[in-house]
Amino acid sequence: MDDGLLAIYLNDHLAGAVAGAALAGRLAGSNRDREEFGPALQELAVQVREDRDTLSALMRRLGVGIDRAKLVGAWAAEKVGRLKLNGRLRGYSPLSRVEELEMMRLGVTGKRTLWKALYVLAEQDLQISAAELELLTERAERQLDVIEACHTRAVAEAFAPVGDSTVATP
């Protein structure tokens, strides 16, 4: 196994986790007063931060150094991503929620793929726990379910006909 390639791979995912944790925190904060989004997104933000910390601890266990430049770049990219047009000159819009949930879906899907990839390495008897990775994969799948439910609601709300105060959810 090429430890250099593993280090690059893990650092790429850690950079994504840093950006994802920032996005999850912003998404939760922007929706904290919305009963249909707030509690689920608050819990999601906590879990995304925990998963980032788990990845960082795993990297330490494997003796993989952290590439600070990648982390700074990911953090900056997440901040720049906030500047996109969202249909309003200022503030948060229903479109912001839809797009942020879509970005979260991409990030959590990538994280789930990471845990599955590391599971393959766990079978090679590295310092990686297969049981821990199974739990992390299952948690990512539950996170995707939460994101999907919120996204469905957010899309229905964002694109509801003008004047329609009822939003159907599946």
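Definitions and cut-offs
- Residues numbered from 1 in each chain as written.
- Predicted model: local features only at pLDDT ≥ 70, side-chain atom pairs only at ≥ 80, totals over all residues.
- Heavy atoms only, no water.
- Helix = DSSP H or I, 4+ residues; strand = E, 2+ residues; numbered from the N terminus.
- Buried < 20%, exposed > 50% of the residue type's maximum accessible area, 1.4 Å probe, protein only.
- Contact = heavy atoms within 4.5 Å.
- Axes fitted to C-alpha atoms, helices over the stretch in contact; angles between N-to-C directions.
- Parallel < 35°, antiparallel > 145°, perpendicular 65-115°, else oblique.
- Left-handed = near helix turned anticlockwise from the far one by under 90°.
- Nonpolar A, V, L, I, M, F, W, Y, C, P; charged D, E, K, R; others polar.
- Core = buried A, V, L, I, M, F, W, Y, C linked by side-chain atoms within 4.5 Å.
- Expected span 1.5 Å × (residues − 1).

Novice: Could you clarify how one ought to interpret the overall build of the protein chain in this entry?
Specialist: Secondary structure assignment for the protein chain yields 5 helices and 0 strands. The order of α-helices and β-strands along the protein chain, N terminus first, is α-α-α-α-α. Within the protein chain, the proportion of its 170 residues that are buried is 35%. Sequence separation of at least 24 residues holds for 76% of the intrachain contacts in the protein chain that already meet a minimum separation of 6.

Novice: Explain the packing of helix 2 (residues 38-61) against helix 5 (residues 130-158) here, please?
Specialist: Packed helices, taken two at a time, are described by the angle their axes make and the gap between the axes. One can describe the packing of helix 2 onto helix 5 by two numbers: an axis separation of 11 Å at closest approach and a directional angle of 150°. Comparing their axes, helix 5 and helix 2 come out roughly antiparallel. Crossing of helix 2 over helix 5 shows left-handed handedness. Along its contact with helix 2, which presents Ala40, Leu41, Leu44, Gln47, Val48, Glu50, Asp51, Thr54 and Arg61, the element helix 5 presents Glu132, Leu136, Arg139, Gln143, Val146, Ile147 and Cys150. Class assignment for the residues of the contact of helix 2 with helix 5 results in 8 nonpolar, 3 polar and 5 charged.

Novice: Hey, could you run me through the nonpolar core in this one?
Specialist: The nonpolar side chains of a soluble globular protein tend to be buried, and buried together. Leu10, Leu41, Met104, Trp115 and Leu118 are the most contacted members of the largest nonpolar core, which has 39 residues in total. Listing elements by their share of this core, those giving two or more residues are helix 1 (3-30), helix 2, helix 3 (68-81), helix 4 (94-122) and helix 5. No other element matches the 11 residues that helix 1 contributes to this core. Those residues in contact with Leu118 that sit more than four places away from it in its chain are Leu6, Leu10, Leu58, Ile128 and Leu133.

Novice: What exactly am I supposed to notice about the side chain of Gln47 here?
Specialist: Examined against the element boundaries, Gln47 turns out to sit in helix 2. The exposure class assigned to Gln47 is buried, which follows from its relative accessible area of 16%. Aside from chain neighbours lying at most four places away, what touches Gln47 is Arg139 and Gln143.

Novice: Is there a simple way to explain helix 5 in this structure?
Specialist: Given 3.6 residues per turn, any residue in an α-helix points the same way as the ones three and four places further on. For helix 5, with 29 residues, the first-to-last C-alpha span of 41 Å sits near the 42 Å given by 1.5 Å per residue. Inspection of helix 5 places Leu133, Leu136, Thr137, Arg139, Ala140, Gln143, Leu144, Ile147, Cys150, His151 and Ala154 among the buried residues, and these make up the whole buried set. Where the residues of helix 5 are buried, they touch helix 2 and helix 4.

Novice: Sorry, what's going on with the environment of Gly110 here?
Specialist: By secondary structure assignment, the location of Gly110 is in helix 4. When the C-alpha atoms of Gly110 and Gly16 are compared, they prove to be 8.7 Å apart, with 94 residues separating the residues in sequence.

Novice: How do you make sense of the packing of helix 1 against helix 2 when you look at a structure like this?
Specialist: Close contact between helix 1 and helix 2 brings their axes to 8 Å; oriented N to C, the two are set at 160°. In terms of orientation, helix 1 and helix 2 fall into the roughly antiparallel class. By crossing handedness, the relation of helix 1 to helix 2 is classed as left-handed. For the contact of helix 1 with helix 2, a count of residues per class yields 13 nonpolar, 7 polar and 2 charged.

Novice: Just to check I follow, could you spell out the environment of Leu44 for this structure?
Specialist: With respect to the element layout, Leu44 can be found in helix 2. Along the primary structure Leu44 and Ala140 are separated by 96 residues, whereas in three dimensions their C-alpha atoms are 9.9 Å apart. Ignoring anything within four residues of it in the chain, the contact list for Leu44 reads Met104, Gln143 and Ile147.

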